[in-house]
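Coordinates in review
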Amino acid sequence: MRRTSSLVLLALAVFFAALSPLIRWYAFPRLAKVPADQYQAVVLEAKNATLLDYSTMKPRQVSKVTIVQTLRGNVEEAKKAKKATGRDVVVWDGLSYIVGPDGKMVSSIPERYIFDAHSQAPVHVAGESVDGDTVRRKGLEFKWPFLTEKRDYYYFDAQSRTSAPIHYKGTRLFHGLTVYYFEQTVPWTKVPFPKKMPVDGITPQTVQAMGMERWYTTKRMFWVEPVTGAPVNGEEIHQEQLRYTTGHQSPVTVFAGHVKMRADYVDHTVALVKSQRPLVLLMTSYLPWGFLGLATVLLALALFLEARGRTGSRAGPGQLDPAPGGAAPVKV
């Protein structure tokens, strides 16, 4: 009976020992993914910013500029992309909508971001765009991969339509979460005009006809929770200018300010990430290490029962122990 039990325990130990790496290295990369129907919105603000008054073409100081960024999962387009590529694909239709202190639109830039649901790597299919312009992304945008590493990544800049490294700058504590801090500086770069301008009658073509180009630079900062790969905070020190192509006129500031995520949205994002983090850890840490520990305990029990069974077999039923000194026992 003991031998049967030890064999059963040994079989279970082997099963759980084999299951441990399978969950981590086989199941997790296939099961962990960004849902195709996800919707999220975030509000950012730049207080005491500089903003161009298009009626006078002069910059002025304003109390606040508000940026509303939305990302909406397009399930139907994701199905089409999956059919074309054979991969689990997420299609995010994004919108960056900027308003001044008077509530009037400053700019409105739509974007379609298409990426692999598991790795977050960009997927190149029809529809990948920024402000109606076809783009081909390299690297990340909006979200880091699950189990983010302490290294530099390529990050796509929607303004310039180019990718450049975003640098890992260290580990920090943010609202009770251990996060990785990343930073990217985009140098002064000539960029396209938004197709939707803030004043009726003014188009990119009319501004270009005045002999002006749009230039921009930014310092981009992200605090990323590494298990989920979700940014819990983001900031930009952002500057835009109109530069004359002829003459020696000084550049005109279009926008300048330190853009920060609004505090209530930071709290909401942190709470959401804290709720999702255990689900990723379940498959990457809790179950693999738990099953490995269970396998070790079961193996120890199997060996213990086998050892006891062998000791009992050697003794035999009813066998008498020899007398001290090796003499046969005396029967009276």
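Residues numbered from 1 in each chain as written. Predicted model: local features only at pLDDT ≥ 70, side-chain atom pairs only at ≥ 80, totals over all residues. Heavy atoms only, no water.

**Quick notes on the overall build of the protein**
Counting its regular elements, the protein contains four helices and 12 strands. For the protein, the C-alpha radius of gyration of 31 Å lies well beyond 20 Å, the compact-globule estimate for 332 residues. Structurally, the protein occupies a C-alpha span of about 130 × 40 × 30 Å along its principal axes. When each of the 332 residues of the protein is scored for burial, the buried share is 42%. Within the protein, contacts between residues separated by at least 24 positions form 60% of all contacts whose residues are at least 6 apart in sequence. When the accessible surface of the protein is split by element, carbon and sulfur atoms take 59% of a total near 18600 Å². Side-chain charges of the protein comprise 41 positive and 28 negative groups, with the mean position of each set lying 8 Å from the other. (Helix = DSSP H or I, 4+ residues; strand = E, 2+ residues; numbered from the N terminus. Rg over C-alpha atoms; globule rule 2.2 N^0.38 Å. Buried < 20%, exposed > 50% of the residue type's maximum accessible area, 1.4 Å probe, protein only. Contact = heavy atoms within 4.5 Å. Areas by Shrake-Rupley, 256 points an atom, 1.4 Å probe, with all protein chains shown as cover. Lys, Arg positive; Asp, Glu negative; His and termini not counted. Charge placed at Lys NZ, Arg CZ, Asp CG, Glu CD.)

**Some thoughts on the pattern of salt bridges**
Tallied over the full model, the rule gives 22 salt bridges. Among the charged side chains, a salt-bridge network with shared partners connects Glu 77, Lys 80, Asp 93 and Arg 112. (Salt bridge = Lys/Arg side-chain N within 4 Å of Asp/Glu carboxyl O.)

**Description of the side chain of Gln 159**
Positionally, Gln 159 belongs in the loop between β7 (153-157) and β8 (162-174). A distance of 2.8 Å separates polar atoms of two side chains, one belonging to Gln 159 and the other to Arg 214. Excluding residues that lie within four positions of it along the chain, Gln 159 makes contacts with Val 191, Pro 192, Arg 214, Tyr 216, His 238 and Glu 240. (Polar contact = N/O pair within 3.5 Å; in protein donor to acceptor, adjacent residues only side chain to side chain.)

**With respect to the confidence of the model for the protein**
On average, the protein scores 91 in pLDDT, and the residues at 70 or more come to 93%. For the stretch residues 320-332, pLDDT sits under 50, and the model shows two contacts to residues farther than four places along the chain or on other chains. (pLDDT = per-residue confidence, 0-100.)

**Topic: the side chain of Ser 108**
For Ser 108, the position within the fold is in strand β4 (residues 105-116). Relative accessible area serves as the criterion here: at 10%, Ser 108 is assigned to the buried category. The residues touching Ser 108, leaving out its near neighbours within four places in the chain, are Leu 95, Ser 96, Tyr 97, Asp 131 and Lys 196.

**Here we look at the environment of Arg 277**
As for its placement among the helices and strands, Arg 277 is situated in helix α4 (residues 263-315). Residue Arg 277 is classed as partly exposed on the basis of its relative accessible area, which comes to 29%. Residues Arg 277 and Pro 226, 51 residues apart in the sequence, show an inter-C-alpha distance of 9.3 Å. Contact partners of Arg 277, with chain neighbours within four places excluded, come to Leu 177, Glu 225, Val 227 and Thr 228.

**Structural notes on the pairing of strand β10 (residues 212-225)**
Among the 14 residues of β10, 11 are classified as buried, and the element is accordingly described as predominantly covered. Note: strand β9 (residues 177-191) against β10, 10 bridges, orientation antiparallel. Residue pairing across strands places Tyr 181 opposite Trp 223, the latter belonging to β10. Hairpin connection between β10 and strand β11 (residues 230-244): a loop of four residues separates the two successive antiparallel strands, and Gly 229 in this loop has a positive phi of roughly 75°. (Pairing = 2+ DSSP bridges.)

**Observations concerning the environment of Ala 256**
Tracing the chain through its elements places Ala 256 in strand β12 (residues 252-261). For the pair Ala 256 and Ser 285, spaced 29 residues apart in sequence, the C-alpha separation works out to 44 Å. Residues within four places of Ala 256 in sequence aside, it is in contact with Ala 49, Thr 50, His 238 and Gln 239.

**Observations concerning the sheet that holds β8**
Pairing is antiparallel in the open sheet, where 12 strands are placed in the order β6-β5-β4-β3-β2-β1-β12-β11-β10-β9-β8-β7. Of all the strands in the sheet, just β6 (133-134) and β7 have a single pairing partner and so form its edges. Pairing geometry for strand β2 (residues 58-73) and strand β3 (residues 89-99), over eight bridges, is antiparallel. Bridging from a neighbouring strand, Thr 66 pairs with Val 99 of β3. Of the strands in this sheet, β2, β3 and β4 are in contact with helix α2 (residues 75-85), which crosses β3 at around 140°. (Axes fitted to C-alpha atoms, helices over the stretch in contact; angles between N-to-C directions.)

**Notes on a nonpolar patch on the surface**
A surface patch of nonpolar side chains, amounting to about 440 Å² of accessible area, comprises Leu 7, Leu 10, Val 14, Leu 299 and Leu 303. Going through the elements one at a time, α1 (2-31) and α4 are the ones with two or more residues in the nonpolar patch. At three residues, the largest contribution of residues to the nonpolar patch is made by α1. Following the sequence through the fold, Leu 10 ends up in helix α1. (Patch = residues over 30% accessible without salt bridge, like charges linked within 9 Å, V, L, I, M, F, W, Y side chains within 5 Å.)

**So, the packing of aromatic side chains**
One pass over the structure, following the stated rule, counts 17 aromatic pairs. Ring centres 5.2 Å apart and planes at 70° place the aromatic pair Phe 15 and Phe 16 in the edge-to-face group. Looking at Phe 16, the relative accessible area reads 17%, which means it is buried. Consider the rings of Trp 144 and Phe 182, whose centres lie 5.2 Å apart with planes at 35°: the pair is tilted. Taken as a pair, Trp 144 in the loop between β6 and β7 and Phe 182 in strand β9 lie far apart in primary sequence, 38 residues in all. Residue class for Phe 182 comes out buried when judged on its relative accessible area of 0%. Ring pairs connect the aromatic residues Trp 144, Tyr 153, Tyr 155, Tyr 168, Tyr 180, Phe 182 and Phe 222, which therefore count as one cluster. It is Arg 151 that lies over the ring of Tyr 153; its NZ or CZ is 4.0 Å from the centre. Just above the ring of Trp 215 sits the side chain of Arg 243; from NZ or CZ to the centre is 4.6 Å. (Phe/Tyr/Trp six-rings, centres within 6.5 Å; stacked < 30°, edge-to-face > 60°. Lys NZ or Arg CZ within 6 Å of the ring centre and 35° of its normal.)

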